[in-house]
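Architecture and fold: a report
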Amino acid sequence: MFRRNPRARTSERSLLAWLGLLLMAVSFIWLQLTAPPRSLTRLELPPPPTAPFAVVVIDPGHGGQDSGTTKSGLVEKELTLDVAHRIERHLQDRGLVTVMTRANDTYVSLADRATIANSQSESVFVSIHFDEAGRSAATGIETYYAAHPVSLPERIASWLPFLQRTSSEPPNIESQSLATFIQESLVANTQATNRGTRPQQFFVIANVHHPAVLVEGGFLTNKDDAVKLANAEYREQMAAGIAQGILQYRDTLLDKHTPLAVDLPSR
Ligand SMILES: [Zn+2]
């Protein structure tokens, strides 16, 4: 039977003690290296507040050689311009700056309309249209938003793959929210049939890099809608509804920026 000598056992113990200490030190360093950096906790805070937009870009659909829908003695390009000018007055009365993509009966391409909108850094975009349908019974108002904005310019996206916007991008919450405020306010003001808000990749809204919506303010192919739209008072109610919706959306953004409304985590 082998009997260890006591001295060897002592040095074995101290070696084990050192090894234990070393293991603790390594574990400590390992934990420090693998723990999430402190800056990550900052990412969980709400984004820093930015002042809400001061500019509204109003886009009267069609114009010039493009008349849009022509039915029941009504011409879409004329109705859109009329309602746009009315919205402009309402918003200016409330101190907002307005930019029209066209201020008279001229043709402006969809790309140019988007470019005008994108040249305004802090803005929202509202395009005005009127609808037509094969079914004359189709009636009411609906507001569209682009669920996924079109990608950043190719020159950036091509060499920075992580910047490419794909269909996996989160939905366009701001545009959807603006569409909801406008739709609710429009329906309340006009008592029109509420067709709701809908996502649709219309070029003119999908290519605007700010909250952007497109209002279809009634069907020229529907007798009741056409009679109402021929009435300037009704168009004034529409314009007031759209302006109110924009202002309510802006008020909501303002509310979010008051310190009390900012929901900071307690840690
Ligand atoms: Zn149209």
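Because the structure is a prediction, the values reported are computed rather than measured.

Remarks on the overall build of the protein chain
When helices and strands are tallied, the protein chain shows 9 helices and 8 strands. Relative to its 267 residues, the protein chain shows a buried fraction of 39%. In the protein chain, of all internal contacts separated by at least 6 residues, the share reaching a separation of at least 24 is 80%. Element-wise, carbon and sulfur atoms account for 58% of the exposed surface of the protein chain, whose accessible area totals about 16000 Å².

So, a nonpolar patch on the surface
On the surface, a cluster of nonpolar side chains totalling about 510 Å² of accessible area is made up of Leu15, Leu16, Leu19, Leu22 and Val26. Assignment of secondary structure puts leucine 22 in helix α1 (residues 6–34).

A few points about the sheet that holds strand β5 (residues 123–131)
With respect to topology, 6 strands assemble into an open sheet ordered β4-β1-β5-β8-β6-β7, the strand pairing being mixed. At either end of the open sheet lies a strand with only one pairing partner, and these are β4 (97–100) and β7 (194–199). Ignoring which end each strand starts from, the neighbouring axes of this sheet average 20° apart. Taken together, the 4 bridges between strand β6 (residues 141–145) and β7 define a ladder with parallel strand orientation. Residue pairing for β7: tyrosine 145 is matched across the bridge by proline 199. Along the sheet face, helix α3 (residues 76–93) touches β1 (55–60), β4 and β5 and points at about 145° away from the line of β5. Lying on the sheet, helix α9 (residues 232–256) is in contact with β1, β5, β6 and β8 (212–219); it crosses β5 at an angle near 150°.

A closer look at the side chain of aspartate 59
If you trace the backbone, aspartate 59 turns up in strand β1. On the accessibility criterion, aspartate 59 (1% relative accessible area) is buried. At 2.5 Å, the side chain of aspartate 59 forms a polar contact with the side chain of threonine 101. Within polar-contact distance, the side chain of aspartate 59 engages the side chain of arginine 113 at 2.8 Å.

Points about the pairing of β6
Buried residues dominate β6, accounting for 5 of its 5 residues. With burial as the criterion, each face of β6 is covered, one bearing Ile141, Thr143 and Tyr145 and the other bearing Glu142 and Tyr144. With 4 bridges joining them, β6 and β8 adopt antiparallel strand pairing. Paired with glutamate 142 across the bridge in β8 is glutamate 216.

Side note on the nonpolar core
Core analysis: the biggest nonpolar cluster contains 37 residues, and Leu91, Ile182, Ile242 and Ile246 have the highest contact counts within it. Counting only elements with at least two residues in this core, the list comes to β1, α3, β5, β6, α6 (173–190), β8, α8 (223–229) and α9. Per-element accounting of this core gives the leading share, 9 residues, to α9. For leucine 91, the contacting residues outside a window of four places in its chain are Val56, Ile58, Leu96, Thr98, Ala243, Ile246 and Leu247.

A closer look at the environment of glycine 218
Take glycine 218: it is sitting in strand β8. Setting aside anything within four residues of it in sequence, one finds glycine 218 in contact with Phe130, Asp131, Gly140, Ile141, Asp225 and Leu229.

Quick word on α9
When the terminal C-alpha atoms of α9 are compared, their 36 Å separation across 25 residues agrees well with the 36 Å that a helix rising 1.5 Å per residue should span. Its side-chain oxygen at 2.7 Å from the backbone nitrogen of glutamate 233, asparagine 231 defines the N-terminal cap of α9.

Thoughts on unusual backbone geometry
Not every positive phi belongs to a glycine, and serine 72 is a case in point at roughly 55°. Tracing the sequence through the fold places serine 72 in the loop between β2 (70–71) and β3 (74–75). Of note in the backbone geometry, glutamine 191 takes a positive phi value of approximately 60° without being a glycine. One can find glutamine 191 in the loop between α6 and β7. When its relative accessible area of 64% is taken as the criterion, glutamine 191 is described as exposed.

Observations concerning the confidence of the model for the protein chain
Across the protein chain, the average pLDDT comes to 84, with 77% of residues at 70 or higher. In this model residues 38–43 is a low-confidence stretch, pLDDT under 50, and it forms 1 contact with partners more than four residues away in sequence or in other chains. The model gives residues 152–168 a pLDDT under 50, and that stretch makes 10 contacts with residues more than four places away or in other chains.

Quick look at the coordination of the zinc ion
Surrounding the zinc ion are the protein donor atoms His62 (NE2), Glu76 (OE) and His129 (ND1), at 2.0 to 2.1 Å. When the donors of the zinc ion are listed by position in the chain, the intervening gaps give H-x13-E-x52-H. One end of the pair, glutamate 76, is in helix α3; the other, histidine 129, is in strand β5, and 53 residues separate them in sequence. Here the two residues glutamate 76 and histidine 129 agree in accessibility, since each one is buried.

About the criteria used
- Residues numbered from 1 in each chain as written.
- Predicted model: local features only at pLDDT ≥ 70, side-chain atom pairs only at ≥ 80, totals over all residues.
- Heavy atoms only, no water.
- Helix = DSSP H or I, 4+ residues; strand = E, 2+ residues; numbered from the N terminus.
- Buried < 20%, exposed > 50% of the residue type's maximum accessible area, 1.4 Å probe, protein only.
- Contact = heavy atoms within 4.5 Å.
- Areas by Shrake-Rupley, 256 points an atom, 1.4 Å probe, with all protein chains shown as cover.
- Patch = residues over 30% accessible without salt bridge, like charges linked within 9 Å, V, L, I, M, F, W, Y side chains within 5 Å.
- Salt bridge = Lys/Arg side-chain N within 4 Å of Asp/Glu carboxyl O.
- Pairing = 2+ DSSP bridges.
- Axes fitted to C-alpha atoms, helices over the stretch in contact; angles between N-to-C directions.
- Polar contact = N/O pair within 3.5 Å; in protein donor to acceptor, adjacent residues only side chain to side chain.
- Core = buried A, V, L, I, M, F, W, Y, C linked by side-chain atoms within 4.5 Å.
- Expected span 1.5 Å × (residues − 1).
- pLDDT = per-residue confidence, 0-100.
- Donors = N, O, S within 2.8 Å, 3.2 Å for Na, K, Ca; no water.

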